[in-house]
Amino acid sequence: MKKLIVILLLAVTGYFMVISFMDLGKDGPVVKNGVKDFYLDKTVSELKVANTITSIVVNFRGFDTLGEVTVLFLAATALGGILYKKRHHVGERSVLFPSSTIVKAGSKLLFPAIILLGVYVFVHGHLSPGGGFQGGTIIATGFLLMLLAYDNFSVSHKVLSYIESFAGIFFVLFGLSGMFMGKTFLENFMPVGNLNDLFSGGIIPIIYILVGFKVAAELTGLIYTVLNEKE
Amino acid sequence: MNNELYEILRYGILGGSILLILIGLYAALTKRSLIKIIIGLSIVDGGIHLLLIGIGYVKNGTAPIFSPGFENSTANMVDPVPQALVLTAIVIGFAVTAVALSLVIRLYRHHNTLEIDEIKNLKW
């Protein structure tokens, strides 16, 4: 009975979604005269950043990204607060089964490569697909691999929170120095260089690298908190 | 890309994302396990992201990245705004999932069950 009500409800929702979304894009682009052309034009002519999404996320909507990073930080804090309990013995985790030699040796081999890939992704965030959030997530997966393979592998919460705080503070500081040297918060006050150079785009790569560090530290701390959970 | 293929692709992406949203809502509304409810919410997330990206697509579009060789193809580029939006939405969705899972761990610690039927004061 309950399922029937739900299915009826979803059928109505689905019907209205289909009639409102299915005709989108039938004749040409959906959004005409939007901000797309402005962004694409300014990205090349003013900011000299190859990746338009990076320029939107970090420069045009940089304040949004600051809020987003804050939300991520709040989620990590809330998780720590909800799962908090007095830990008597930190360091050993309850694992379902100990990992074999192959898993241990393989993850030791893969760990530096994963970290390198993550660093590559967020350093080249303004040139190629990727960026701070993606690179940070890749680094966190490397730590997750190590935490799953070795039951005595541990990361220091202190170091993680220092990295996180410094990255966040420098993000705000760069925004504020844009305010003092130019007009607005997060204004691009550094020389922009040439398109498709590694050192181009002014403060955009610097801020994305900071975001990468922050996301990597936050996600690693989050994974570590949840993995240390035991009955 | 010819017209027919584009139509199939467009209907596939839009219809598939709507289907994903409905599947996720169904799971979140009818399943009794808390983990399955969270999985359902994640599927809704994925469907909404796919729908937004699909709306931003233009015919014969390329990624909005000015790599060497693509500097002059501005007219063909897909809309970058939904992609930036979805990048934000993925991170927020991740944060929501993490907090929800931590609440589930807390509930499991108190009640020793994941079924919402067995947890009192939490019935549909």
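Structure: see above.
Residues numbered from 1 in each chain as written. Chains lettered and ligands numbered in written order. Predicted model: local features only at pLDDT ≥ 70, side-chain atom pairs only at ≥ 80, totals over all residues. Heavy atoms only, no water.

**Q** Help me understand the overall build of chain A, please; the structure alone is not making it clear to me.
**A** Within chain A one finds eight helices and zero strands. Order of helices (α) and strands (β) in chain A, N terminus to C terminus: α-α-α-α-α-α-α-α. For chain A, the C-alpha radius of gyration of 22 Å lies well beyond 17 Å, the compact-globule estimate for 231 residues. In terms of overall dimensions, chain A has C-alpha extents of about 60 × 60 × 35 Å along its principal axes. Put simply, chain A has 231 residues, and 40% of those count as buried. Considering only intrachain contacts with a sequence separation of at least 6, the fraction spanning at least 24 residues in chain A is 72%. Of the roughly 12,700 Å² of accessible surface on chain A, 71% is carried by carbon and sulfur atoms. Across chain A, the mean location of the 18 positive side-chain charges is 7 Å away from that of the 15 negative side-chain charges. (Helix = DSSP H or I, 4+ residues; strand = E, 2+ residues; numbered from the N terminus. Rg over C-alpha atoms; globule rule 2.2 N^0.38 Å. Buried < 20%, exposed > 50% of the residue type's maximum accessible area, 1.4 Å probe, protein only. Contact = heavy atoms within 4.5 Å. Areas by Shrake-Rupley, 256 points an atom, 1.4 Å probe, with all protein chains shown as cover. Lys, Arg positive; Asp, Glu negative; His and termini not counted. Charge placed at Lys NZ, Arg CZ, Asp CG, Glu CD.)

**Q** I'm lost on the interface of chain B and chain A in this one. Help?
**A** Many descriptions give the size of an interface as the accessible area lost when the pieces come together. Across the contact, 48 residues belong to chain B and 54 residues belong to chain A. Note on chain B versus chain A: buried area summed over both sides is about 4,400 Å², and carbon and sulfur give 75% of it. Three residues, Phe66, Leu87 and Arg109 of chain B, lead the burial of chain B against chain A; their summed loss comes to 14% of the area buried on that side. At the junction of chain B with chain A, the criterion picks out zero salt bridges. If you look at where chain B meets chain A, you find seven residue pairs in polar contact (both at pLDDT 80 or more). (Buried area = accessible area lost by both parts, 1.4 Å probe. Salt bridge = Lys/Arg side-chain N within 4 Å of Asp/Glu carboxyl O. Polar contact = N/O pair within 3.5 Å; in protein donor to acceptor, adjacent residues only side chain to side chain.)

**Q** Just checking my understanding: could you explain the packing of helix α6 (residues 132-149) of chain A against helix α8 (residues 204-227) of chain A for this structure?
**A** Axis angle and axis distance: for two packed helices, these are the angle between their axes and the distance between the axes, and together they describe the pair. Residues and elements named next belong to chain A. Orientation of α6 relative to α8, taken along the N-to-C sense of each, is 30°, at an axis distance of 7 Å. Judged on the interaxial angle alone, α8 and α6 are roughly parallel. Where α6 crosses over α8, the handedness of that crossing is right-handed. Packed against α6, whose contacting residues are Gly132, Phe133, Gln134, Gly136, Thr137, Ile139, Ala140, Phe143, Leu144, Leu147 and Leu148, the element α8 presents Tyr208, Val211, Gly212, Val215, Ala216, Leu219, Thr220, Ile223, Tyr224 and Leu227 at the interface. The residue inventory of the contact of α6 with α8, partitioned by class, reads 15 nonpolar, six polar and no charged. (Axes fitted to C-alpha atoms, helices over the stretch in contact; angles between N-to-C directions. Parallel < 35°, antiparallel > 145°, perpendicular 65-115°, else oblique. Left-handed = near helix turned anticlockwise from the far one by under 90°. Nonpolar A, V, L, I, M, F, W, Y, C, P; charged D, E, K, R; others polar.)

**Q** Just to check I follow, could you spell out the nonpolar core for this structure?
**A** If you look at the biggest cluster of nonpolar residues, it comprises 32 residues, and the most contacted ones within it are Val57, Phe133, Phe171, Ile207, Tyr208 and Val211 of chain A. Secondary-structure elements contributing two or more residues to this core are α2 (36-47), α3 (52-60), α4 (62-82), α6, α7 (157-181) and α8 of chain A together with α3 (80-111) of chain B. For this core, the element with the most residues is α8 of chain A, which contributes eight residues. If we skip the residues at most four places from it in the chain, valine 57 of chain A touches Gly62, Thr65, Phe133 and Tyr208 of chain A together with Ala84 and Leu87 of chain B. (Core = buried A, V, L, I, M, F, W, Y, C linked by side-chain atoms within 4.5 Å.)

**Q** Just checking my understanding: could you explain the side chain of threonine 113 of chain B for this structure?
**A** Residues and elements named next belong to chain B. By secondary structure assignment, the location of threonine 113 is in the segment after α3. Look at threonine 113 and you get buried, because its relative accessible area is 10%. For threonine 113, the side chain forms a polar contact with the main-chain nitrogen of glutamate 115, separated by 3.1 Å. Of note is the side chain of threonine 113, whose polar atom sits 3.3 Å from the side chain of glutamate 118. Setting aside its immediate chain neighbours within four residues, threonine 113 contacts Tyr108, Glu118 and Ile119.

**Q** Teacher, can you tell me more about α8 of chain A here?
**A** An α-helical segment advances 3.6 residues per turn. Residues three or four places apart therefore align on the same side. Taking 1.5 Å as the rise per residue, α8 of chain A with 24 residues should run 34 Å; its terminal C-alpha atoms sit 34 Å apart, in good agreement. A large share of α8 of chain A lies buried, amounting to 18 of its 24 residues. (Expected span 1.5 Å × (residues − 1).)

**Q** Mind showing me how you'd approach the environment of tyrosine 15 of chain A here?
**A** By secondary structure assignment, the location of tyrosine 15 of chain A is in helix α1 (residues 2-21). Linking tyrosine 15 of chain A and leucine 145 of chain A, residues 130 residues apart in sequence, is a C-alpha distance of 43 Å.

**Q** Help me understand the pattern of salt bridges, please; the structure alone is not making it clear to me.
**A** Where charged atoms from two side chains of opposite charge approach closely, those side chains can pair. Residues and elements named next belong to chain B. Scanning the entire structure with this criterion turns up four salt bridges over all chains. Ionic pairing is found between arginine 10 and glutamate 7, a salt bridge with its closest N-O pair at 3.5 Å. One end of the pair, arginine 10, and the other, glutamate 7, are both in helix α1 (residues 3-30), three residues apart, so they sit about a helical turn from each other. Residue classification places glutamate 7 among the partly exposed residues on the basis of a relative accessible area of 23%.

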